[in-house]
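Per-entry structural report
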Amino acid sequence: MPISTPDALWSSPAARRLRPVAIEISGLARTVGGEALLDGVDLAISAGARVLVAGLDPNAPSLLLRIMAGLARADRGTVVLAGLLREASIPEGWARRIGFVGADPGIPLWMTPAESLDLAARLAGIDGPQRQRLIDTSLQNFQLGAIRDRPLRHAGRNIAERTALAAALLPDPEVLLLDEPLRAHPPPDRLRLLRIPGEHRTVLIASRFPAQEGGIVDRVVLIRDGRVALHAPIEELDAQRLPLSLRGMTALADLGLVGQQ
Amino acid sequence: MILGVHVIRQLWIQLRLLGLLSLPVVAALIAVTVEGQSAPEPGRLTLAIAFAVAAVLSAVLIGTGFTEEIRSGAASWLVVRAIPRTALIGAWLAVPSLAALVAFALAGILAGLAIPPPVAQPDPLTIVIGVVASAAPTIPLAALALAVGVRASGRVTALATVGTAAVVAVPLVLVGDAAIHPASGYWLIAGMVPAGRPITVGLQSIGLCLALASVLWLWAARRFARRDL
């Protein structure tokens, strides 16, 4: 395995101090319909960061996350997540270390929340009594217990979204990729659910509405003309009295804070 | 195993499994009914044609089922859980094809019992091989439908129907030598192969179907690997 598991990793004082890189992207490019949505994206994100990814082209952040998750292909470039390089083949341990939730929950709607979590656990290789314990805890944490055996098609889209997030978190991934998540939820519920637990878990949120992500991210990334135009702590926006919006991030990028880690 | 159960459940919920299981039976029933009215001619050719149509429709059901899996996002949900795309498309070929083969086998045996043989009563081995050989074209047809479905979401039904029908129609048109091609099983069913060689022809046909299915599956998997989900 390229790196150790999170617990082993974080048991080292040196690792805690250095905050290792959880996501490393270099030279990532993808052209869609003749337009270079990603044109040499280079990005390194430390473990434990909560990062908002926005773009002047709203499709670019979503595409970036989908390439990272293995759902879309890149024309060139490499992606390393939690020390795992995903190319044509899937590295061992991927399912337990990387989580992804798309704008569309994707879970077959005939499934119940309990069935979805059970399938997710099985696919992540979680067996034995631990599986049922994790499922029960997850159902409780995401307030799905009362409807655990109700098919998602009868439960509503917000329940499907919540189940998708619960399923992604079930294997306790090191890196969680969220592409426009939980849009069917009212803003307060959404913010509460997106305060993802896990101090060492790295979370990327692709969003078309940066202002809605205030309070759940500590860094911002702006993609402009297919490249990373800004990568900065969110405090930089506050320091420059700029809002958490595309306009604010663009203004900050123009101030020359590109590539701050 | 988990993936196989998932595919079966998807097919069951979409009612496509019911279609796969009932299509050969319906085809056999129609053939037997038509046969009863027109006996002794045209022999069992009617049953062969009915099975060919059922095979095409079965392939279309499989192809559209897989397309629905992609469109609904269920395929991407599985792929982000480290399910290899080749395994996913393999499960969507193997599991429904197996269900179709069982249905074809049952329907073939029932029809074989209902329709009198053209010359002499064949031995049981010939019947079994004939039935399997006539069902086997469903597998390459399904692989073709999957490949079409990977690319052409939305129009998959029409394209898969035309594509798979073309595959079946070619050997039906080229009746001259029915010895070696994927649809030889139809000739076995129709009693048109030379006497004394049905087992050889049947086995050759099954082998050719599996080889063709492998090639088409590889093509489908290659297309699926490059597709954005």
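Just so we're clear, the structure is a prediction, and the values are computed from it rather than from any experiment.

Rules used in this analysis
Residues numbered from 1 in each chain as written. Chains lettered and ligands numbered in written order. Predicted model: local features only at pLDDT ≥ 70, side-chain atom pairs only at ≥ 80, totals over all residues. Contact = placed C-beta atoms within 7 Å. Helix = DSSP H or I, 4+ residues; strand = E, 2+ residues; numbered from the N terminus. Nonpolar A, V, L, I, M, F, W, Y, C, P; charged D, E, K, R; others polar. Pairing = 2+ DSSP bridges. Axes fitted to C-alpha atoms, helices over the stretch in contact; angles between N-to-C directions. Expected span 1.5 Å × (residues − 1). Buried ≥ 20, exposed ≤ 12 C-beta atoms within 10 Å, placed from the backbone. Arc of directions from axis to C-beta. Core = buried A, V, L, I, M, F, W, Y, C linked by C-beta atoms within 7 Å.

Describing the interface of chain B and chain A
- If you look at the interface, chain B gives 17 residues, while chain A gives 19 residues.
- For the side of chain B that touches chain A, the secondary-structure elements that each account for two or more residues are helix H1 (2-13) and helix H4 (74-79) of chain B.
- Among the elements that line the side of chain B that touches chain A, the one with the most residues is H4(B), at four residues.
- Residue classes in the side of chain B that touches chain A are distributed as ten nonpolar, four polar and three charged.

Overview of the sheet that holds strand S7 (residues 175-179) of chain A
Residues and elements named next belong to chain A.
- Read across the sheet, six strands follow the order S6-S7-S8-S3-S9-S10 without closing on themselves; strand pairing throughout is mixed. Strands with a single pairing partner mark the edges of an open sheet, and in this sheet they are strand S6 (98-101) and strand S10 (227-233). Looking at each pair of strands side by side, their axes are set apart by 15 degrees on average, direction ignored.
- Note that strand S3 (residues 50-55) and strand S9 (residues 219-224) share five bridges and pair parallel. In the sheet register, alanine 54 faces S9, and the bridge partner there is leucine 222.
- Helix H3 (residues 59-69) rests against S3, S6, S7, strand S8 (202-206) and S9 of the sheet, and its axis sits at about 140 degrees to S7.

Quick word on the sheet that holds strand S4 (residues 76-81) of chain A
Residue and element names in this part refer to chain A.
- Ordered in space as S2-S1-S4-S5, the four strands form an open sheet in which the pairing is antiparallel. The open sheet has two edge strands, strand S2 (35-46) and strand S5 (84-85), and neither has a second partner.
- Pairing of S4 with S5, which is carried by two bridges, proceeds in the antiparallel orientation. Its bridge partner being in S5, leucine 81 is matched across the sheet by leucine 84.

Considering H1(B)
Residues and elements named next belong to chain B.
- Across its twelve residues, H1 extends 17 Å between first and last C-alpha, which sits within 8% of the 16 Å expected from 1.5 Å per residue.
- Where H1 is concerned, the buried positions are His6, Val7, Gln10 and Leu11. Along the axis of H1, the buried positions cluster into a sector of 130 degrees, meaning they face one direction only. Turned more than 90 degrees away from the buried face of H1 sit Ile2 and Trp12, all of them exposed.
- Just downstream of H1, leucine 15 is the residue with a positive phi angle, here 65 degrees.

Some points on the nonpolar core
- By size, the foremost hydrophobic cluster in this structure holds 145 residues, and its most contacted members are A:Leu64, B:Ala143 and B:Leu146.
- No other element matches helix H3 (residues 45-71) of chain B, which puts 15 residues into this core.

Considerations on unusual backbone geometry
Residues and elements named next belong to chain A.
- One non-glycine residue, alanine 82, adopts positive backbone phi at about 50 degrees.
- Relative to the elements of secondary structure, alanine 82 occurs in the loop between S4 and S5.
- For alanine 82, a count of 26 C-beta atoms within 10 Å gives the class buried.

Thoughts on the pairing of S10(A)
Residues and elements named next belong to chain A.
- Here S10 lies mainly inside the structure; five of its seven residues are buried.
- Here S9 pairs with S10 via six bridges, running antiparallel. Across the sheet, the residue bridging to valine 220 is alanine 232, located in S10.

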